[in-house]
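# Breakdown of the fold
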Amino acid sequence: MEPNDSARKDGGAGSGASKAAHHHSSGRFINPWASFNKEFAKTTVSLAAKTPREPVKDVEIAALALLSSRPDFALVREAWMETRRNVGLTWIGHCSYVIQMYGATVLTDPNFSMKTPAPFLFGSAKRLTPVACAIESLPQLDFVVLTSTMEDKLDEESIRALVIHDPQLRFLVPLKTKPFLTRWGVAEDNVVEMDWYDEITVGGVRVACCPAQHLSGDVAKDFQSSSALWCSWVFMGIRSRVYYAGSTGYRGVLRKSRSSRTSASSTSEPAECCPAFKEIGERYWPIDLALLPIGNYAPRQFVASIQCDPRDSVEIFCDLRARQAVAHNWGTFTLGDEEALQPLRDLERAMHERGVSDSEFSVVMPGKTTLFY
């Protein structure tokens with residue numbers, strides 16, 4: 001099972017960048033766009049760890065627990081009797097989804113752990129709600145995708161458990177991610193490494209590895225490069241297309257800007273926007289459903305280049321020209337400095353400002369299986 005090289009001929013890691021632009025001469029990888037503000041990104045490690053963080057309020061934890069439910073993976077198969085267009089979506093939490101398309105069932109960035117390391121914050125974060133379901137209760141998976149080796153995405157405990165449950169499970173991953181998986185028991189033949197815009201067909205779904213603005217592997221001290229690639233994904237079924245962003249940035253903030261610690265809406269002056277998402281939208285239009293991150297975005301002056309706030313995510317939705325969007329990366333692990341439910345308030349505000357309706361950009365609760373038509 002190897003990626004299709006046909007997509008490599010026309011190149012493009014985003015507007016204004018050639019196919020090789022994200023490949024550094026050292027063999028490492030870089031964000032090739034002006035939207036990645038290295039001056040702010042490289043302060044993340046030294047300053048974010050010193051930033052005092054407020055504990056999650058009990059009332060927010062209680063609200064999340066009340067809104068959580070148990071998955072109904074059989075729901076989508078009943079809907080397929082009517083049309084093959086339906087997509088079943090179950091948010092496990094953080095960046096983990098079970099995506100049920102006609103042709104394949106996909107698990108994204110699996111994290112079933114009760115705590116996770118907090119990238120750049122030298123600590124760990126406890127899960128705010130119970131895991132939506134046990135790995136043993138998942139439907140039969142056709143493959144798993146990973147977007148980064150950051151420990152909240154690449155969770156060793158979850159990977160090992162998945163392999164015990166299904167030793168033949170296949171993993172699609174960005175370049176130089178395979179060694180992590182093989183150390184944890186995944187057979188080498190069951191891992192496919194892919195570059196941006198490589199494509200592969202699994203079951204009845206064509207899968208494209210796409211750009212994102214993030215980091216992975218060992219990150220250089222000056223934030224110029226990473227030892228492993230990061231990515232986003234497009235899944236193309238018979239009658240439906242799903243985009244999964246994982247974690248990504250969209251634009252930094254300028255040096256003179258000062259963002260609020262608790263809100264994405266502030267007086268910060270935005271930097272140039274990442275052009276990759278418009279290109280993804282053009283390449284793979286029409287995208288029926290986009291899964292986009294909205295949380296863990298504060299303080300903006302530290303993480304804006306690698307973590308979207310809700311306003312950025314709404315802009316990505318528009319750049320992709322997607323029909324619908326669903327929010328993730330909120331309410332599971334507090335890896336940012338905003339309150340647990342603040343991303344929802346900021347998303348509502350950003351949607352209103354951009355003229356995006358609730359039916360276009362929605363929020364699903366942990367564990368609930370939702371059908372998208």
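Small disclaimer: the values here were computed from a predicted structure and weren't measured.

### Quick word on the overall build of the protein
Scanning the protein for helices and strands turns up ten helices and 16 strands. Every one of the 373 residues in the protein was classed for burial, and the buried ones make up 61%. Pairs at least 24 apart in sequence give 72% of the contacts found in the protein among residues at least 6 apart. Accessible area for the protein stands at about 14,800 Å²; split by element, carbon and sulfur atoms hold 51% of it.

### Considerations on the nonpolar core
Grouped together as the largest cluster of nonpolar side chains are 72 residues, with contacts concentrated most on Phe-235 and Phe-361. Looking at this core element by element, the count peaks at five residues for strand β10 (residues 205-210). Excluding its chain neighbours within four sequence positions, the residues that come into contact with Phe-235 are Ile-99, Met-101, Val-106, Phe-143, Val-145, Val-205, Arg-206, Val-207, Ser-240, Arg-241, Val-242 and Tyr-244. Counting residues in each nonpolar core, the second largest holds 24 residues, with Val-98, Cys-133, Ile-135 and Ile-159 among its members.

### A short note on the pattern of salt bridges
All told, the structure shown has eleven salt bridges when counted by the stated rule. Put simply, Asp-309 and Arg-300 hold a salt bridge, and the shortest N to O gap is 3.4 Å. Just as Asp-309 is buried, Arg-300 falls in that class too. With a closest N to O distance of 2.8 Å, Glu-315 and Arg-354 form a salt bridge. Of this pair, Glu-315 sits in helix α9 (residues 310-320) while Arg-354 sits in helix α10 (residues 342-354), and the two are 39 residues apart along the sequence. What makes Glu-315 buried here is its relative accessible area of 17%.

### A look at the packing of α9 against α10
Contact geometry of α9 with α10 gives a least axis separation of 8 Å together with a crossing angle of 45°. When the axis of α9 is compared with that of α10, the two are oblique. Note that α9 runs across α10; the crossing there is right-handed. In contact with Pro-310, Arg-311, Val-314, Glu-315 and Cys-318 of α9, α10 contributes Pro-343, Asp-346, Leu-347, Ala-350, Met-351 and Arg-354. Its residues assigned to classes, the contact of α9 with α10 shows seven nonpolar, no polar and four charged.

### What to know about unusual backbone geometry
Following Trp-285, the chain continues into Pro-286 via a peptide bond in cis, with omega recorded as 0°. Looking at the secondary structure, you find Pro-286 in the loop between α7 (276-284) and β13 (289-293). Note that the residue after Ala-298, namely Pro-299, is joined by a cis bond; omega there is 0°. Along the chain, the position of Pro-299 falls in the loop between β13 and α8 (300-303). Phi is positive for Tyr-197, close to 75°, though the residue is something other than glycine. Structurally, the position occupied by Tyr-197 is in the loop between β8 (191-194) and β9 (199-202). A positive phi is found at Asn-296, a non-glycine position, where the angle reads about 55°.

### Observations concerning the packing of aromatic side chains
Inspection of the entire model under this criterion finds nine aromatic pairs. Both rings, one in Trp-33 and one in Trp-196, keep their centres 5.6 Å apart while their planes meet at 10°; by these two values the pair is stacked. Residue Trp-33 is located in the segment before α1 (38-41), and its partner Trp-196 is located in the loop between β8 and β9; the two are separated by 163 residues in the primary sequence. When its relative accessible area of 5% is taken as the criterion, Trp-33 is described as buried.

### A few points about the pairing of β13
Here β13 lies mainly inside the structure; five of its five residues are buried. By the alternation rule, side chains of β13 split into Leu-289, Leu-291 and Pro-293 and Ala-290 and Leu-292, which are all buried. When β13 meets strand β14 (residues 324-328), the two strands line up parallel, connected through five bridges. Paired with Ala-290 across the strands is Ala-325, a residue of β14.

### Thoughts on the pairing of strand β7 (residues 171-174)
The side-chain alternation of β7 yields two buried faces, one formed by Phe-171 and Val-173 and the other by Leu-172 and Pro-174. Pairing geometry for strand β6 (residues 143-145) and β7, over two bridges, is parallel. Residue pairing in the sheet places Val-144 in a bridge with Phe-171 of β7. The parallel pair β6 and β7 is bridged by helix α5 (residues 156-165), and the resulting crossover is right-handed. Where the polypeptide runs from β7 across helix α6 (residues 178-183) and back to β8, its parallel neighbour, the crossover connection is right-handed.

Reading the values: the criteria
Residues numbered from 1 in each chain as written. Predicted model: local features only at pLDDT ≥ 70, side-chain atom pairs only at ≥ 80, totals over all residues. Heavy atoms only, no water. Helix = DSSP H or I, 4+ residues; strand = E, 2+ residues; numbered from the N terminus. Buried < 20%, exposed > 50% of the residue type's maximum accessible area, 1.4 Å probe, protein only. Contact = heavy atoms within 4.5 Å. Areas by Shrake-Rupley, 256 points an atom, 1.4 Å probe, with all protein chains shown as cover. Core = buried A, V, L, I, M, F, W, Y, C linked by side-chain atoms within 4.5 Å. Salt bridge = Lys/Arg side-chain N within 4 Å of Asp/Glu carboxyl O. Axes fitted to C-alpha atoms, helices over the stretch in contact; angles between N-to-C directions. Parallel < 35°, antiparallel > 145°, perpendicular 65-115°, else oblique. Left-handed = near helix turned anticlockwise from the far one by under 90°. Nonpolar A, V, L, I, M, F, W, Y, C, P; charged D, E, K, R; others polar. Phe/Tyr/Trp six-rings, centres within 6.5 Å; stacked < 30°, edge-to-face > 60°. Pairing = 2+ DSSP bridges. Right-handed = clockwise from strand over helix to strand, strands pointing away.

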